Amino acid sequence: MEEARTWSKILPAYEDRGLEMLMISIDPTETEQSIEAFNAQAGVEQPLPTVIGGADIAREFGVNALETTIILDQRGEEVYRDATISDAETLRTTIEGVL
């Protein structure tokens, strides 16, 4: 939840520079309503685009931890990956390096 709040706060500053962000849910029981409930509980100010039923996408990217963050550059090359909660400064620094 913490990282979802962080992304919600920093994403608007980068959207006009071409940053696209996508959350992937691997929970097979996830619904639009449960995503909305998650956002409300997490205090997400701006809802984040979310793919529901994204287990295949997660496998393709080798994701095996819930809090995984992957940042791709404009060529689709992976420039950042972690499997813990990323802090806002780390995300901003990485984003600045690829935009």
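Just above, that's the structure.
Heads up: these notes are all about the structure in this document.

Definitions and cut-offs
Residues numbered from 1 in each chain as written. Predicted model: local features only at pLDDT ≥ 70, side-chain atom pairs only at ≥ 80, totals over all residues. Heavy atoms only, no water. Helix = DSSP H or I, 4+ residues; strand = E, 2+ residues; numbered from the N terminus. Rg over C-alpha atoms; globule rule 2.2 N^0.38 Å. Buried < 20%, exposed > 50% of the residue type's maximum accessible area, 1.4 Å probe, protein only. Lys, Arg positive; Asp, Glu negative; His and termini not counted. Salt bridge = Lys/Arg side-chain N within 4 Å of Asp/Glu carboxyl O. Polar contact = N/O pair within 3.5 Å; in protein donor to acceptor, adjacent residues only side chain to side chain. Core = buried A, V, L, I, M, F, W, Y, C linked by side-chain atoms within 4.5 Å. Contact = heavy atoms within 4.5 Å.

### A look at the overall build of the protein
No. 1: A tally of regular secondary structure across the protein gives five helices and four strands.
No. 2: Listed N to C, the secondary structure of the protein is α-α-β-α-β-α-β-β-α in terms of helices and strands.
No. 3: At 13 Å, the protein has a C-alpha radius of gyration in line with the 13 Å of a compact globule built from 99 residues.
No. 4: Along the three orthogonal principal directions, the C-alpha set of the protein runs to about 35 × 30 × 20 Å.
No. 5: When each of the 99 residues of the protein is scored for burial, the buried share is 29%.

### Re the side chain of Glu3
No. 1: Looking at the element boundaries, Glu3 is found in helix H1 (residues 2-10).
No. 2: Lacking a salt bridge, the buried Glu3 has Arg5 as its closest oppositely charged neighbour, with an N-O distance of 11 Å.
No. 3: Side chain to side chain, Glu3 and Thr69 meet in a polar contact 2.2 Å long.
No. 4: At 2.8 Å, the side chain of Glu3 forms a polar contact with the backbone nitrogen of Ser86.

### Details of the nonpolar core
No. 1: Counting residues in hydrophobic clusters, the biggest one holds 14 residues, and the most contacted among them are Trp7, Leu19, Leu48, Ile71, Leu91 and Ile95.
No. 2: Going through the elements one at a time, H1 and helix H5 (88-98) are the ones with two or more residues in this core.
No. 3: For this core, the element with the highest residue contribution is H1, accounting for three residues.
No. 4: Those residues in contact with Leu48 that sit more than four places away from it in its chain are Ala4, Trp7, Ser8, Leu11, Met21, Met23 and Asn39.

### Focus: the pattern of salt bridges
No. 1: Taken as a whole, this structure holds four salt bridges when the rule is applied.
No. 2: Between Arg59 and Asp56 there is a salt bridge, with the nearest N and O atoms lying 2.3 Å from each other. With a gap of three residues between them, Arg59 and Asp56 both fall in helix H4 (residues 55-60), about one helical turn apart. No difference in accessibility class separates Arg59 from Asp56, as the two residues are exposed.
No. 3: The shortest N-O distance in the salt bridge between Arg81 and Glu78 comes to 2.9 Å.
No. 4: On the accessibility criterion, Arg81 (35% relative accessible area) is partly exposed.

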